[in-house]
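This is what each chain is made of:
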Amino acid sequence: MTPSKPLPAGPGVTPLGRRLLGRWWRRQSPARQDRFATLAPLVSVMLFLAAIISAFWYLRNEEIDREAEAVKRDTEIAQQQIRLRLIENQEQLVRMAREIVTRELEAPNFLAQAARFTADRPEILQLSWIGADRKVRARQSAFSERELPPPPKPAPTRFSSRSAQQAAAASAAEAAALAAAAASRPSEADWAFIAARDVRQPIYSRPFKDPAGTMVFELHVPLLDRGSFSGALVVEYSIDVLLRHFVPAEVTNRHAIAVIDERERVIASSVTPMPGPARAPALFNDVPLAPAANGLILRGSGYRTSVGLIGNTLFWMVVALSVLTVWMLLGTWRHMRRRSQIQGALVAETNFRRAMENSMLTGMRAMDLEGRVSYVNPAFCAMTGFTENELIGRLPPYPYWPHDRIEENSRLLQQELQGRSPAGGIEVKVMRKNGTLFDARMYVSPLVDARGHQTGWMTSMTNITEAKRIRDQLSASHERFTTVLEGLDAAVSVLSVQQGELLFANRSYRLWFGADARGHGLLASGAGPAVPFIAEPDDAVDGLSGLPTQELTSIGTNPREVYAHPLDKWFDVRSRYLQWTDGRLAQMLIATDITARRRAEEQASAQAEKAQVSSRLITMGEMASSVAHELNQPLTAITNYCSGMISRVKAETIQQGDLVAALEKTARQAERAGQIIHRIRAFVKKSEPQRQPAHAKDIVEDAVELASIELRRRNVAIHHYVAQRLPVLKCDPILVEQVLLNLLKNAAEAIDSAKLPAARRHIELRVIPRHTPEEGGVIEFSVTDMGPGLPEEVINRLYEAFFSTKAEGMGIGLSLCRSIVESHRGRIKAQNLYNGSSVAGCRFAFTLPVETSARHEETTLPPPPLNSRRTTVAPDADAPPAANTTP
Ligand code: ADP
């Protein structure tokens with residue numbers, strides 16, 4: 001439907017009217033126009049139907065009027081005819097009555113005249129001359145020449161079926177009956193006779209049945225002899241014959257004429273009455289049967305009993321056709337509405353597709369089966385730089401084919417036209433109008449029309465220059481990535497957690513472990529909670545889906561050192577969980593070969609051990625003169641005892657008892673010297689470092705014993721105090737003893753070199769249990785001297801190796817002390833003691849954890865002091881302390 005088109009105006013519409021109508025029509029909304037366009041035929045059909053109905057109504061009324069008119073006219077004609085006859089007959093009879101009265105006519109003549117009279121008049125059944133006494137003087141019957149009584153003959157009606165003989169036989173009986181009836185009650189004839197006698201005028205009786213059963217009426221013409229009543233002439237009319245003979249045939253042809261009585265009973269009719277109850281005709285005209293005035297009515301009626309609408313076929317056909325038209329119009333309307341809906345949907349779809357086509361970046365080109373371009377979309381034009389007009393209708397070679405590739409493009413086009421293009425599209429080079437080239441991918445699909453015939457090919461084209469660039473970039477970056485991973489010295493492997501399938505392995509991994517997942521398992525088993533999930537067989541559901549991913553991915557990220565036995569290598573393994581590219585949960589391991597570092601560490605720790613031993617030897621070397629002096633005493637004593645004994649034995653002045661005593665003293669001195677040597681040997685003995693439960697008291701006693709050799713020489717006193725019931729230490733006693741000895745020796749040297757007076761020449765060694773928030777329960781060893789203290793610059797460099805303020809000092813004592821203490825998870829600190837503002841000495845203190853908490857302390861390493869040099873602590877808690885790495 002095109003609602004914008006103006007309504008076609010009829011020929012009768014003036015130009016002005018047409019303009020106004022057109023303007024009005026354009027003002028309407030399309031929906032209203034549609035409604036009007038649909039309703040107008042409906043309304044016109046309704047109007048047509050109304051016009052038809054009113055026309056029919058008018059015509060029917062017209063017809064009824066005309067028919068009524070015709071009936072009236074015909075009835076009046078019939079009435080006229082009958083009246084004329086009756087009047088004529090009445091006049092004849094009146095003349096005949098005068099003749100009788102004037103005696104011009106006697107009975108015999110009367111009969112003759114009556115015979116003539118009746119012979120000419122078939123409607124008259126009989127003519128009688130009745131005296132004033134009601135005696136019949138003479139009678140002339142239409143059926144018999146006999147005078148009295150007239151043989152009853154059947155009325156010559158066409159309805160009588162009785163034979164003459166039967167009628168004659170019946171007549172006698174009926175006459176007797178009539179006589180009897182007349183005797184009992186006055187008949188219609190009696191009433192007429194009486195009326196004629198009284199009013200002295202011819203009187204028509206009311207209708208009645210004569211003895212033959214024929215409906216008749218009588219005319220009584222009074223015989224007035226000079227004013228006196230002397231009888232009457234009675235004529236019996238057959239109503240039926242009257243009707244048949246005096247109603248003209250053309251009247252009866254047109255209309256039914258009947259005689260009815262006052263009670264609407266049909267007495268005679270020009271048509272055979274239909275059986276059943278008489279219905280009042282739709283159209284009739286009643287006139288009195290003048291001049292009879294005896295209640296008889298002449299009724300003329302149309303043959304058609306009904307002129308109602310019901311019977312009017314034509315009318316109903318028109319109605320039916322109108323209804324059909326309306327129905328079809330409604331159907332058309334519905335159809336149109338559906339069509340317009342479909343059209344609307346189609347328009348929307350077309351708009352949608354056009355919008356899609358215009359908005360998309362894919363170029364579209366359609367061509368017919370010969371390769372003639374029939375359509376290009378804006379994207380295609382934008383891509384190639386050619387306008388639609390430049391492309392449509394073009395045959396190959398197309399303007400966007402690069403000049404040097406025309407042959408190749410023709411081959412591709414042929415392939416395309418034959419429908420052999422690959423489904424994955426073809427990559428081509430396309431030339432823009434300005435001559436530049438770009439890469440495009442083309443996809444071809446057949447164009448099929450509404451009847452299913454192929455009409456051509458639709459080609460979509462996408463510019464893949466960018467995609468290609470990105471792809472190249474991606475592959476380059478992938479290459480870089482793999483190069484990096486492949487070139488990595490560390491083994492990188494990714495294992496799917498659920499399937500245990502090796503998803504990725506780099507070159508180093510493959511080199512060390514091959515291409516299977518066993519190496520990953522080996523590394524992971526050493527790396528803490530390696531494969532936390534064991535996939536159940538036939539379990540399609542990811543059993544890990546319920547686990548908190550965050551928790552899982554942070555598990556095992558701590559580096560672990562794993563020894564791979566088959567390779568005889570140490571690896572630093574870092575693992576983390578990640579989501580693989582396909583969404584699977586995977587574990588990635590990065591294993592760095594740290595064998596060299598491990599070896600170095602082992603070497604360093606061996607060297608540290610050696611250093612400790614050497615340090616002890618050095619200490620002993622430093623104490624050598626003291627030791628020599630210490631040994632000198634017992635040796636001198638032994639020499640003295642021996643020389644004394646020899647001289648006394650030679651002089652034979654010695655008693656056996658004295659000799660034994662002197663030998664015992666000698667042996668004790670020798671034992672003492674032996675003890676000193678044994679102690680020194682035990683101290684410097686190269687032994688494997690080992691931790692064991694040890695008592696602070698024993699360590700302190702050994703250390704004091706050794707130190708006192710030096711202290712005595714330097715004239716320094718020592719006081720030591722060890723708290724009661726100390727917990728057991730877990731440490732290497734020799735190393736702790738070495739630390740103590742070092743501190744004591746340093747204190748003594750400081751006091752000695754400062755040449756302090758005797759009052760300040762003493763050292764205090766205290767061992768007490770302590771509890772600190774950072775370290776928990778520990779045992780604190782402190783060495784306090786009253787020496788010169790530590791200058792500011794010395795405090796900062798105290799633990800530096802080879803830092804010494806002494807001319808012959810090695811400067812490794814304190815540095816070694818600190819590494820020993822820290823290897824025992826202890827701490828060492830030095831501080832000056834003040835007396836007012838002046839330094840009154842210094843205090844070195846170190847702590848050692850006790851055995852009960854040792855196991856606990858292992859897991860929570862205290863942070864190293866901030867100003868400390870970096871020391872490598874072996875991850876193994878039982879490993880020996882490492883040597884200083886700083887040169
Ligand atoms: P060395 O004893 O061979 O010099 P150490 O490492 O044992 O090496 O000592 C380093 C320095 O710390 C000493 O040279 C000295 O100056 C200082 N020092 C150590 N202990 C004391 C102390 N008790 N009083 C004063 N200075 C000290």
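Note: the structure precedes this text.
These figures come from a predicted structure and were not determined experimentally.

### Some details on the overall build of the protein
In terms of helices and strands, the protein carries 23 helices and 27 strands. Split into buried and exposed, the 887 residues of the protein put 39% on the buried side. Counting contacts in the protein only where the partners sit at least 6 residues apart, residues at least 24 apart contribute 59% of the total.

### A short note on the pairing of strand 16 (residues 491-496)
Within strand 16, 6 of the 6 residues are buried, leaving the element largely enclosed by the surrounding structure. Where burial is concerned, the two faces of strand 16 agree: the one with Ala 491, Ser 493 and Leu 495 and the one with Val 492, Val 494 and Ser 496 are both buried. With 6 bridges connecting them, strand 16 and strand 20 (residues 585-593) associate as antiparallel partners. Looking across to strand 20, one finds that Val 492 is bridged to Ile 590. Here strand 16 runs beside strand 17 (residues 502-505); their pairing, made up of 3 bridges, is antiparallel.

### Here's the deal with the site of the ligand
Lining the immediate environment of the ligand, one finds 18 residues, of which Asn 746, Asp 785, Ser 804, Thr 805 and Lys 806 sit closest. Here an oxygen atom of the ligand and a side-chain polar atom of Lys 806 are 2.7 Å apart. Only helix 20 (733-753), helix 22 (813-823) and strand 27 (838-849) provide two or more residues apiece to the shell around the ligand. Take the shell around the ligand: its biggest share by element is 3 residues, from helix 20. Of the residues assigned to the shell around the ligand, the class counts are 9 nonpolar, 7 polar and 2 charged.

### Some remarks on the packing of helix 19 (residues 696-714) against helix 20
Close contact between helix 19 and helix 20 brings their axes to 9 Å; oriented N to C, the two are set at 25°. As the angle between them shows, helix 19 and helix 20 are arranged roughly parallel. Considering only the axes of helix 19 and helix 20, their crossing is right-handed. Counted together, Ile 699, Val 700, Asp 702, Ala 703, Leu 706, Ala 707, Glu 710, Leu 711 and Arg 714 of helix 19 and Pro 733, Val 736, Glu 737, Leu 740, Leu 741, Leu 744, Lys 745, Ala 748, Glu 749 and Asp 752 of helix 20 form the full contact between these two elements. Among the residues forming the contact of helix 19 with helix 20, the class breakdown is 12 nonpolar, no polar and 7 charged.

### Remarks on the sheet that holds strand 18 (residues 560-564)
Across the sheet, which stays open at both edges, the 5 strands sit in the order 17-16-20-19-18 with antiparallel pairing between neighbours. Among the strands making up the open sheet, the edge pair consists of strand 17 and strand 18. Mean inter-strand twist for the sheet, computed between neighbouring axes without regard to direction, equals 30°. When strand 18 meets strand 19 (residues 569-579), the two strands line up antiparallel, connected through 5 bridges. Bridge pairing in strand 19 links Glu 561 to Asp 572. Taken strand by strand, helix 16 (residues 595-622) contacts strand 18, strand 19 and strand 20, and its axis lies near 130° from that of strand 19.

### Quick word on the pattern of salt bridges
Enumeration according to the criterion identifies 47 salt bridges in this entry. Where Asp 240 meets Arg 244, a salt bridge forms, and the shortest distance between an N and an O atom there is 3.3 Å. In this pair, Asp 240 and Arg 244 both sit in helix 6 (residues 239-246), 4 residues apart, roughly one turn of the helix. Asp 240 sits in the buried class, given a relative accessible area of 7%. Looking at Arg 244, the relative accessible area reads 29%, which means it is partly exposed. Across the salt bridge formed by Arg 365 and Glu 416, the nearest N and O atoms sit 2.9 Å from each other. Of this pair, Arg 365 sits in strand 11 (residues 363-368) while Glu 416 is found in helix 11 (residues 406-417), placing the two residues 51 residues apart along the sequence.

### Quick notes on the nonpolar core
Among the nonpolar cores identified, the biggest contains 58 residues, and Leu 740, Ile 763, Phe 781 and Phe 846 are the most heavily contacted of them. With 10 residues, the top contributor of residues to this core is helix 20. When neighbours within four sequence positions are excluded, Phe 846 is seen to be in contact with Val 736, Val 739, Leu 740, Leu 743, Ile 779, Glu 780, Phe 781, Val 821, Arg 827 and Ile 828. Counting 40 residues, the second largest nonpolar core, distinct from the first, contains Ala 97, Val 101, Leu 219 and Val 235.

### Concerning a positive patch on the surface
Together, Arg 19, Arg 23, Arg 26 and Arg 27 line one region of the surface with positive charge. Residue position: Arg 26 is located in helix 1 (residues 15-27). Judged by its relative accessible area of 54%, Arg 26 falls in the exposed class.

Cut-offs and rules
- Residues numbered from 1 in each chain as written.
- Predicted model: local features only at pLDDT ≥ 70, side-chain atom pairs only at ≥ 80, totals over all residues.
- Heavy atoms only, no water.
- Helix = DSSP H or I, 4+ residues; strand = E, 2+ residues; numbered from the N terminus.
- Buried < 20%, exposed > 50% of the residue type's maximum accessible area, 1.4 Å probe, protein only.
- Contact = heavy atoms within 4.5 Å.
- Pairing = 2+ DSSP bridges.
- Near = heavy atom within 4 Å.
- Polar contact = N/O pair within 3.5 Å; in protein donor to acceptor, adjacent residues only side chain to side chain.
- Nonpolar A, V, L, I, M, F, W, Y, C, P; charged D, E, K, R; others polar.
- Axes fitted to C-alpha atoms, helices over the stretch in contact; angles between N-to-C directions.
- Parallel < 35°, antiparallel > 145°, perpendicular 65-115°, else oblique.
- Left-handed = near helix turned anticlockwise from the far one by under 90°.
- Salt bridge = Lys/Arg side-chain N within 4 Å of Asp/Glu carboxyl O.
- Core = buried A, V, L, I, M, F, W, Y, C linked by side-chain atoms within 4.5 Å.
- Patch = residues over 30% accessible without salt bridge, like charges linked within 9 Å, V, L, I, M, F, W, Y side chains within 5 Å.
- Areas by Shrake-Rupley, 256 points an atom, 1.4 Å probe, with all protein chains shown as cover.
- Lys, Arg positive; Asp, Glu negative; His and termini not counted.
- Charge placed at Lys NZ, Arg CZ, Asp CG, Glu CD.

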